[in-house]
Amino acid sequence: MIILGGGSAGWMTAAALAKTFNKQQYQIQLIESDEIGTVGVGEATIPPVQLFNKLIGLDENEFMKQTQATFKLGIKFVNWDQIGHEYHHAFGDLGKDIGGLRFYQYWLKMRSLGQAKKFEEYSLNAVASEEKRFMRSIDAGNSPLSNIAYAFHFDATLYAKYLRTLSEQCGVLRTEGKVAKVQQHANGFIKSLILEDGSEHTADFFIDCSGFSALLIGKTLNTPFEDWSHWLPCDRAVAVASESTQTPWSFTQATAHAAGWQWRIPLQHRVGNGHVYSSQFMSDEEAKKILLDNIEGKPLAEPRLIKFKTGHRRQCWNKNCLAIGLSSGFLEPLESTSLHLIQLAIEQLFKFFPHADFDQVDIDEYNRQATFDFERIRDFLILHYKVTQRDDSDFWNYCRTMSVPETVQQKIDLFRNNGRIFRINNEMFDYQSWFQVMNGQGLTPRAYEPLVDMLSEKELAKTMHNIHAVIRKSADYMPAHQDYINANCKA
């Protein structure tokens, strides 16, 4: 099989395949050109990335040293509900569920009585990240310290290089070169890739990791692309790295601006910054100025402009070609899902790994599941723009008043009435994520679930106090983020 394109998508795919398959069974070739740059802005991840790292046998401390990584406990959102307001979408448990009901339902009642602290104070990850603390889980019984959910910030370019080394050690053949022509069989299946040096490379199965160019899935097979920019209007980003001016936070920060938002991703050696915006509402020069006016530390290069279109291929798998990464679609990095979508695609490939005759029923089911994953993450991103009180710009007025997919509106309506949140099948984001964003962006339910009243106010107040005390005690136990890095994985 041939993987076209390197970067995170190509080398994640190569590493997973090489670690899973015997190289006598399948020959894996990756074709890439050093002349073609990668987007490389996916430097923040979510906790399931640990499953991928285990799959390919990464030593976590060594991986962090090689990629200048830091730990991530969640995302802090600034200026999304209204200017001056902030909240956390923290990983991990929120409070502690009581009597079969979600903790947040009890919190809604206590807030209505004026007896609840800020919701973040019942989340260990939110408290710890605000205080620049971090540690991995320990065996501490029922303590929150036994189950600390975390992810990483890392240098995407260094990550691809690290995976390349691992992949080549496992037998992946890397070929340097640019594709000049794609040869197809009479039935439309891809036969071979002819490079600019004239060499021809034949395979039974092609994995398109060629990024936005989508050379195989798009330009060769003409697979339709479904455009979602009417719901997610940001279509550009300017990105730049800057010098570190302080010890790293253990969260990604997303700060909303007049026509988009800005990320801050702290690494060991630098800070990654980017301004995602809509060109319909803001010029490139204005976006660049906003970015540079709102970074800490000296820029390390000239800001880079990235153009994109939000949406996905209606068929991520077409004939004998599977698109993974940006070639399959793009969802802006607001919730750090880019690398997770790559991971999901690889997992699904293993479940539907093809026979030589490429059974169409399997391909159709793969595409159905891929579409589901894209759409549910899309819905969660739309929520951030739709649920807001901001009316200070044309961009936010558009987002606040736009119609949204029925699947989004249903979740908003259910929560607005009685604070109820239901997860559809195995969609990526669970009730805790939906609650944190809806609550954080000012969506207040008219009521809470009536079964909450089974617990007396006195009992509930005592329970809430105890949960808060445990969170506080656990956070106090955690060391400083920088100290933990220095002791375990300093580059």
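All chains use their own residue numbering, which begins from 1 and follows the written sequence. Selection of residues for local features in this predicted model requires a pLDDT of at least 70, selection of side-chain atom pairs for listing and counting requires 80 or more, and totals for whole chains, interfaces and linings are taken over all residues. Only hydrogens and water are removed before side-chain values are computed, so all heavy atoms of the structure are retained for them.

Asks: Help me out: how do you make sense of unusual backbone geometry in this one?
Replies: Of all residues except glycine, most have a negative phi; of all peptide bonds, most are trans. Positive phi values are uncommon outside glycine, yet Asn222 reaches one of about 50°. Even without being glycine, Asn425 reaches a positive phi, approximately 50°. Only runs of H or I of at least four residues qualify as helices and only runs of E of at least two qualify as strands under DSSP, and these elements are numbered from the N terminus. With respect to the secondary-structure elements, Asn425 resides in the loop between helix H12 (406-418) and helix H13 (431-440). Assessed through its relative accessible area of 63%, Asn425 is described here as exposed. For each residue, the accessible area found with a 1.4 Å probe, counting protein chains only, is set against the maximum for its type, and the residue is called buried under 20%, exposed over 50%, and partly exposed in between.

Asks: Can you help me understand H13 in this one?
Replies: Burial of H13 is extensive: ten of the ten residues sit out of reach of the surface. Should any heavy atoms of two residues lie within 4.5 Å, those residues are counted as being in contact. If you follow the buried residues of H13, they end up packed against strand S5 (86-90), helix H4 (103-112), helix H10 (360-386) and H12. Count one or two residues on from H13 and you reach Gly442, which has phi positive near 90°.

Asks: Where do I start with the nonpolar core in this structure?
Replies: Generally speaking, nonpolar side chains in soluble globular proteins are found buried as a group. Only buried residues count toward a nonpolar core, which is a set of Ala, Val, Leu, Ile, Met, Phe, Trp, Tyr and Cys residues joined through side-chain atoms within 4.5 Å. If you look at the biggest cluster of nonpolar residues, it comprises 136 residues, and the most contacted ones within it are Leu17, Phe71, Trp80, Ile207, Trp317 and Tyr385. The leading source of residues in this core is H10, at ten residues. Among all residues touching Trp317, those that are not within four sequence positions of it are Phe205, Leu322, Leu349, Phe352, Pro354, Phe358, Ile363, Tyr366 and Asn367. Counting 15 residues, the second-largest nonpolar core is a separate cluster that includes Leu195, Ala203, Phe206 and Leu221.

Asks: It is not clear to me how the packing of aromatic side chains should be interpreted in this structure. Could you clarify?
Replies: Put simply, two rings from Phe, Tyr or Trp (the six-membered ring, in Trp's case) pair if the centres are within 6.5 Å, and we call them stacked under 30 degrees between planes, edge-to-face over 60, tilted for the rest. Under the criterion given, the structure shown has 45 aromatic pairs. Ring geometry for Phe77 and Trp80: centres 5.8 Å apart, planes at 85°, overall edge-to-face. Trp80 shares its class with Phe77; the two are buried. Residues Trp261 and Trp263 carry aromatic rings whose centres are separated by 6.1 Å and whose planes lie at 55° to one another, so their mutual orientation is tilted. Look at Trp261 and you get buried, because its relative accessible area is 1%. Exposure remark for Trp263: the relative accessible area of 5% places this residue in the buried category. The rings of Phe21, Tyr26, Phe189, Phe205, Trp317, Phe350, Phe352, Phe353, Phe358 and Tyr366 are connected pair by pair, giving a single aromatic cluster. Think of it as a cone above the ring: NZ of Lys or CZ of Arg counts as a charge over the ring if it is within 6 Å of the ring centre and within 35 degrees of the ring normal. In this structure, Arg102 is placed above the aromatic ring of Tyr431, and the distance from its NZ or CZ to the ring centre is 3.8 Å. Directly above the aromatic system of Trp228 lies the positively charged group of Arg378, at a separation of 4.7 Å from the ring centroid.

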